[in-house]
Amino acid sequence: MIQRRSTLSSRKGRLRYLLLHLLSKYMVGCYLCSAPFTESDVPVRTVDLLTEHHIDGNHFNWNKDNIVLTHRKCHKQYHGRNRKES
Ligand SMILES: [Zn+2]
Ligand SMILES: [Zn+2]
């Protein structure tokens, strides 16, 4: 048996740590509401609250200058409720 669950959660914990480190280092915040991200915005399941937004609207443009982090709720609002975003 592989300890899948614990491996996954420790990986997520590291990711969260890294993300928090980056957030504090670069003082990044939500691109849409411009509130700085805090620890409470970065739960272990990071994907729940934060998402990426492509500035030019082209979701195939993965140029780093085109990608910003936003709150998931701001992102939803920005794109409108009817449009499905992933
Ligand atoms: Zn926001
Ligand atoms: Zn978007």
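These numbers come from a predicted model, not from an experiment. (Residues numbered from 1 in each chain as written. Chains lettered and ligands numbered in written order. Predicted model: local features only at pLDDT ≥ 70, side-chain atom pairs only at ≥ 80, totals over all residues.)

J.: Even after reading the chapter, I still don't get the overall build of the chain, so can you show me in this structure?
T.: Along the chain, the regular secondary structure elements total two helices and two strands. Counting helices and strands in the order they occur from the N terminus, the chain gives α-β-β-α. (Helix = DSSP H or I, 4+ residues; strand = E, 2+ residues; numbered from the N terminus.)

J.: For this particular structure, what's the right way to read unusual backbone geometry?
T.: As a rule of thumb, non-glycine residues mostly have phi less than zero, and peptide bonds are mostly trans rather than cis. Positive phi, close to 60°, is recorded for Ser-34, a residue that is not glycine. By secondary structure assignment, the location of Ser-34 is in the loop between helix H1 (4-26) and strand E1 (50-54).

J.: How should I be thinking about the confidence of the model for the chain in this particular structure?
T.: Fine structural detail should not be taken from predicted coordinates in areas where pLDDT scores are low. The share of residues in the chain with pLDDT of 70 or more is 78%, and the mean pLDDT across the chain is 79. Between the elements of the chain, mean pLDDT differs from a low of 72, seen in H1, to a high of 92, seen in helix H2 (residues 72-79). (pLDDT = per-residue confidence, 0-100.)

J.: Honestly, the environment of Tyr-31 in this entry has me stumped. Any pointers?
T.: Examined against the element boundaries, Tyr-31 turns out to sit in the loop between H1 and E1. Each C-alpha atom, one on Tyr-31 and one on His-71, is 8.4 Å from the other, the two residues being 40 residues apart in sequence. Tyr-31 has contacts with His-53, Val-68, Leu-69 and Thr-70, leaving out every residue within four places of it along the chain. (Contact = placed C-beta atoms within 7 Å.)

J.: Help me understand the environment of His-75, please; the structure alone is not making it clear to me.
T.: Looking at where His-75 falls in the secondary structure, it is placed in helix H2. Judged by local crowding, His-75 falls into the partly exposed class, with 19 C-beta atoms found within 10 Å. (Buried ≥ 20, exposed ≤ 12 C-beta atoms within 10 Å, placed from the backbone.)

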